[in-house]
Structures are given as C-alpha cells and as structure tokens.
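# Coordinate inspection notes
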Amino acid sequence: MGDFLLNNPFLAMFEPNPDNHPPIIYKYRNWKEDFHKDLLKKNHFFMASPSSLNDPFDCRIYENHMKFLKTTENKEEYIKKALENNLDYLKANNLTVENGREILSERLNDTLHYQVRSEVIRNDIDDKSVGIGCFSENWNSILMWSHYADNHKGYCVGFDEKRLRYSQFFGKVKRVEYSIDYPELNPLNKRKNSYELKYFYKSLDWEYEEEIRVMNIYNTEKPNRIIELENKHIKEVILGLKTSENDKKEIISIAKDKNIDVWETTKAEFKFEIERYKH
C-alpha cells in the first residue's frame, strides 16, 4: 500500500507534507553495540518507550489539575465530564454514576495528591502503549555526532522521509516544537493540539537536535517495538570523523551489499563544520 501511494502521480499532487520535512532524515548510532548495528545490518528500527528517552520531560507534559481545579465549580464540571467520558469503564467495573461521582469527589479533596496520582497513571499508560522514534533533519551536527554516535566514532543513517511517511509503519510523523515555556493543558478545556503538545514538544535546550519524530500507539500489553524496514527506506550511510578503519570496512561492506550510498565525513578547513565526500 505504501509503494502504491508513493508512486501514484495523482496522489503526489496532494502530498501530505505540510511541515515541509527534508527528503532525508537522519539517525545517529554507535558501532559498538549489536543493538545499534542492527539498524544497518538488519534494518531494525526500535520504537522507544517514553521512560527510556534521555529527556526526563519528554512525553511527560500533564494536565494541570492544581491550577484549574481549585474551585468547587471547576471540580464539579470536571467530575461531570469525566463521568460522561467513562461510562463504559464504570459499567465494566460494576459502578454506578453516583459511585463514580463519590470516588472522584473524595479524590479531588486533595488536588495535589490527585495531580501526582494522575501523572503516575499517565506515565504507566504511555510507557506501555506509546512508541517513539527520533530522527534529525541534519547529518552534520557536531553535537549529535558526539552525543549519539560515540563521539564521532559511530555512523549515521539517512532515511527516505517520504517513503517512511507512506510506509504505514508509523502512526504519526512530525517535527518537534521547542520552547522555553512549559505547555499549559487545562483538563476542563481540551486543546485540539494537546496530543501534539504531549508528544512532540520539548524544551528549547534540545533545539540543536532539530528532531523529526515518529510515533506509534500500541493496543497490546507487550508490543513488538522493533520495526523491520526495507533496504529502500535507507538512502545513505555516513561514517564519522573518528570511525575506525575496521568499522569503516564493515559498514561500507554492508551498505554496498544493500546498494546504499556511503559518505565519509571530514573537518572543514578553518571552520567549525563537518563536510563529507562520497565513497
């Protein structure tokens, strides 16, 4: 189905790329661990749980019950909406609407405790059901090579963004937004973009990553988080400035067998920049 959409000239007129993503997006990896090598060797792409991400705020943006449920009126409105949206849950647990109202009213007597409890529950749900994959728009970030590619001793894989988007492997492909401000989510007034704010929004400190993120939602208790891509999803492989000769030979051999272009990085003359040349 993905290739049909990709190669259909009529559908190409309605290209669903409103964010103007670049044609190639990049994943930085080391060549020390089999888990990292498998991205190239086996085309295995891992969808991470939010708890495993290196930013403790990533996917941890919550509705602010402390601020918006201060008054009795707001609490009553919240309880009413919560009960209306969870009738199936009440029925499945042999609870009446009145039972639900009593439980929520008691819990909301201590808004701080309710806030903490809701965050713990939200984290548990997300860690089991959300899968995150991270790419960068650029291959030549000195910091990204340092942080994610073993201090420039690893490698970088360039993926065909459009082919990934059409592949149906991922539920959502979107550029991450960065800000110094923590988003404000009102439990009484659900924002249309609250979903994106929770999972595609990070502190300005991470702006250097220029991340394009993919996301999946799983409906099973223990989902298979490894996606096996095809060779055609990979456009190029880039060797780091400090990649050893033995590692280079191994990476080049694998890439060439798959008809994947290989590039090697070099330091630009008299600039704090990385350049590359094709093998």
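One can find the structure itself at the top, above this paragraph.
A few points on the structure. Everything quoted here is computed from the prediction, not taken from an experiment.

## Focus: the pairing of strand β3 (residues 130-136)
Where burial is concerned, most of β3 is hidden: 6 out of the 7 residues are buried. Pairing of β3 with strand β8 (residues 211-217) involves 7 bridges; the strand directions are antiparallel. Across the sheet, residue G131 finds its bridge partner in β8, namely N216.

## Observations regarding the nonpolar core
Core analysis: the largest hydrophobic core is formed by 27 residues, its most contacted members being L40, F45, Y155, F159 and F170. Looking at this core, the elements that each hand over two or more residues are α3 (34-41), β4 (155-160), β8, β10 (234-239) and α12 (245-257). Per-element accounting of this core gives the leading share, 4 residues, to α12. Not counting the four nearest positions on each side in its chain, F45 is found in contact with K27, L39, G133, C134, F135, F159, F170, V214, R225, I226, I227 and L229. Counting residues in hydrophobic clusters, the runner-up holds 11 residues, among them I24, Y26, M144 and I238.

## Details of the state of the cysteines
Here the structure, examined in full by the defined rule, presents 0 disulfides. Its sulfur unpaired, C156 is 14 Å from the next cysteine sulfur, which belongs to C134. Residue classification places C156 among the buried positions, given a relative accessible area of 0%.

## Description of a nonpolar patch on the surface
A grouping of M66, L112, V116 and V120 is seen on the molecular surface, where their side chains present a nonpolar patch of about 350 Å² in accessible area. The biggest single contributor to the nonpolar patch is helix α8 (residues 111-129), with 3 residues.

## Focus on the packing of α3 against α12
Here α3 crosses α12 at 35°, and the two axes come no closer than 10 Å. Within the contact between the two elements, α3 uses K37, L40 and K41 and α12 uses E250, I251 and I254. Here the residues of the contact of α3 with α12 are counted per class, giving 3 nonpolar, no polar and 3 charged.

## Some words on α3
Every buried residue belonging to α3 is among H36, K37, D38, L39 and L40, and all of these are buried. Of the surrounding secondary structure, the elements contacted by the buried residues of α3 are β1 (24-29), β2 (44-46), β4, β10 and α12.

## Things to note about the pattern of salt bridges
A complete count under the given rule lists 25 salt bridges for this structure. As a salt-bridge pair, K128 and D124 come within 3.4 Å of each other at their nearest N and O atoms. Linking K128 with D124, this pair stays in helix α8, spanning 4 residues, or about one helical turn. Since its relative accessible area comes to 35%, K128 is described here as partly exposed. Between E221 and K128 there is a salt bridge, and its shortest N-O distance comes to 3.6 Å. Here K128 lies in helix α8 and E221 lies in the loop between β8 and β9 (226-228), a separation of 93 residues in the sequence. Beyond isolated ion pairs, a larger network of salt bridges with shared partners links D58, K202, E209, E211 and R213.

## So, the packing of aromatic side chains
Counted according to the given criterion, the structure contains 9 aromatic pairs. Where Y28 meets W145, the ring centres are 5.3 Å apart and the plane angle is 90°; that geometry is what we call edge-to-face. Of this pair, Y28 sits in strand β1 while W145 sits in helix α9 (residues 142-148), and the two are 117 residues apart along the sequence. Ring-pair connections join several aromatic residues into one group, and the members of that group are F45, F135, F159, F169 and F170. In this structure, K202 packs its charged tip against the face of W206, placed 4.4 Å from the ring centre.

## A word on α8
Along its 19 residues, α8 runs 27 Å from first to last C-alpha, staying within 8% of the 27 Å computed at 1.5 Å per residue. Along α8, the positions that sit buried rather than exposed are T111, Y114, Q115, N123, D126 and S129. One side of α8 carries all its buried residues, which in axial view fall inside an arc of 170°. Exposed and facing more than 90 degrees away from the buried side of α8 are H113 and V120. At its buried positions, α8 is contacted by α4 (65-68), α5 (72-85), α7 (97-107), β3, α11 (194-199) and β8.

Calculation criteria
Residues numbered from 1 in each chain as written. Predicted model: local features only at pLDDT ≥ 70, side-chain atom pairs only at ≥ 80, totals over all residues. Heavy atoms only, no water. Buried < 20%, exposed > 50% of the residue type's maximum accessible area, 1.4 Å probe, protein only. Helix = DSSP H or I, 4+ residues; strand = E, 2+ residues; numbered from the N terminus. Pairing = 2+ DSSP bridges. Core = buried A, V, L, I, M, F, W, Y, C linked by side-chain atoms within 4.5 Å. Contact = heavy atoms within 4.5 Å. Disulfide = S-S within 2.5 Å. Patch = residues over 30% accessible without salt bridge, like charges linked within 9 Å, V, L, I, M, F, W, Y side chains within 5 Å. Areas by Shrake-Rupley, 256 points an atom, 1.4 Å probe, with all protein chains shown as cover. Salt bridge = Lys/Arg side-chain N within 4 Å of Asp/Glu carboxyl O. Axes fitted to C-alpha atoms, helices over the stretch in contact; angles between N-to-C directions. Nonpolar A, V, L, I, M, F, W, Y, C, P; charged D, E, K, R; others polar. Phe/Tyr/Trp six-rings, centres within 6.5 Å; stacked < 30°, edge-to-face > 60°. Lys NZ or Arg CZ within 6 Å of the ring centre and 35° of its normal. Expected span 1.5 Å × (residues − 1). Arc of directions from axis to C-beta.

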